Amino acid sequence: MKKLLLMTTLALSLLLTGCKTYEKPEKVTPVESFKLSEYLGTWYEIVRLEHRFEKGMEAITATYSMREDGGVKVLNKGYKTAEKEWSTAEGKAYFVKDPNVGFLKVSFFGPFYGSYIVMDTDYKTYTMISGPDLSYFWILSRTPTLDKKILNRLLAKAKEAGFDTSALIYPDQSKHVIK
């Protein structure tokens, strides 16, 4: 019984310690003087590195709004091409330390949080986001398309930060384009 209690306590403390550590890639710097009120709203995914939670999805959006507890509600929506259906996931985000720095923790699965780092944004046109390591990366836009000059500048910045830009996926946003 004591052994089980010790193992449970050790596992719980490791889990809690792990949940409080938010990593960032070495060459990624969060936006300073971050303005959450200007960041809120809907963003369209322009570029991403593939992950199982977005695999086979197109027309992805992320909508950010305020939560009653002062955090940020995150609503991700995407079209699953194989199933021919829309999928949504709701999460929550909170600033890791300073609300004036674009470094948040986000969760879609209960008590488990991951880093959400705003690397670059102009709030009106684009945002570039990193996760805890170089395998998580997104470029989002306020519209379903992004000007090529802006995209190329952001891609160069991503490559300089160490992201594998040759592995990027450019999801089809045509379901959002008004015809």
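Here, every reference points to the structure presented above.
Quick look at the structure, then. These numbers were taken from a predicted model, which means no experiment stands behind them.

Attention now goes to the sheet that holds strand β6 (residues 112-121). Pairing within the closed barrel is antiparallel, and its eight strands lie in the order β1-β2-β3-β4-β5-β6-β7-β8. Neighbouring strand axes in the sheet, compared pairwise and without regard to direction, differ in orientation by 35 degrees on average. Strands in contact with helix α3 (residues 148-161) are β1 (41-48), β6, β7 (126-130) and β8 (137-141); relative to β7, the strand with the most contacts, it is inclined by about 20 degrees.

Attention now moves to the pairing of strand β2 (residues 57-66). Pairing geometry for β1 and β2, over four bridges, is antiparallel. When the sheet's bridge partners are listed, Trp43 is paired in β2 with Ala62. Sheet topology places β2 next to strand β3 (residues 72-80); eight bridges connect them, and they run antiparallel. Note on β3: the bridge partner recorded for Thr63 is Leu75. Linking β2 to β3, which pair antiparallel, is a turn of five residues; within it Gly70 sits at a positive phi near 90 degrees.

When β3 meets strand β4 (residues 85-95), the two strands line up antiparallel, connected through nine bridges. Note that in β4 the partner of Lys77 across the bridge is Thr88. The turn joining β3 and β4, which pair antiparallel and follow one another in sequence, is formed by four residues; a positive phi near 55 degrees is taken by Lys84. Alignment of β4 against strand β5 (residues 103-109), held across four bridges, turns out to be antiparallel. Pairing of Ala93 across the sheet is with Val106, part of β5.

By size, the foremost hydrophobic cluster in this structure holds 21 residues, and its most contacted members are Phe137, Ile139 and Phe163. At the level of secondary structure, the elements contributing two or more residues to this core comprise β1, β6, β7, β8 and α3. When residues of this core are assigned to their parent elements, the largest contribution, five residues, is made by α3. Residues contacting Phe163, with those up to four places away along its chain left out, are Pro25, Val28, Leu49, Met119, Ser130, Asp133, Leu134, Tyr136, Phe137 and Ala158. Counting 19 residues, the second-largest nonpolar core is a separate cluster that includes Tyr39, Ala93, Phe95 and Ile129.

What follows is about the environment of Arg153. Along the polypeptide, Arg153 turns up in helix α3. Look past the residues within four positions of Arg153 in its chain and what remains in contact with it is Asp120 and Tyr126.

So, about the environment of Ser33. Residue placement: Ser33 occurs in the loop between α1 (2-19) and α2 (36-39). With residues up to four places along the chain from it excluded, the contact list for Ser33 reads Asn100 and Tyr123.

What follows covers the layout of surface pockets. Over the atoms rolls a probe the size of a water molecule, and in doing so it shows where empty space is left. The volume enclosed by the largest pocket comes to roughly 930 Å³. Phe53, Asn76, Phe108, Phe109 and Trp138 are the residues nearest the centre of the largest pocket, which is lined by 35 residues in total. Counting residues per element, the ones that place at least two in the lining of the largest pocket are β2, β3, β4, β5, β6, β7 and β8. Here the lining of the largest pocket is built from residues that sort into 18 nonpolar, ten polar and seven charged. Ile46, Pro144, Thr145, Leu146 and Pro171 are the residues nearest the centre of the second largest pocket, which is lined by twelve residues in total. Those elements that place two or more of their residues in the lining of the second largest pocket are β1 and α3. For the lining of the second largest pocket, the class distribution of residues is seven nonpolar, three polar and two charged.

Procedures and definitions
- Residues numbered from 1 in each chain as written.
- Predicted model: local features only at pLDDT ≥ 70, side-chain atom pairs only at ≥ 80, totals over all residues.
- Heavy atoms only, no water.
- Pairing = 2+ DSSP bridges.
- Helix = DSSP H or I, 4+ residues; strand = E, 2+ residues; numbered from the N terminus.
- Axes fitted to C-alpha atoms, helices over the stretch in contact; angles between N-to-C directions.
- Contact = heavy atoms within 4.5 Å.
- Core = buried A, V, L, I, M, F, W, Y, C linked by side-chain atoms within 4.5 Å.
- Buried < 20%, exposed > 50% of the residue type's maximum accessible area, 1.4 Å probe, protein only.
- 1 Å grid on protein atoms, 1.4 Å probe; cavity = no way out; pocket = protein on both sides within 12 Å on 5 of 7 lines; lining within 4 Å.
- Points joined across faces, edges and corners; volume = space filled by probe spheres on them.
- Nonpolar A, V, L, I, M, F, W, Y, C, P; charged D, E, K, R; others polar.

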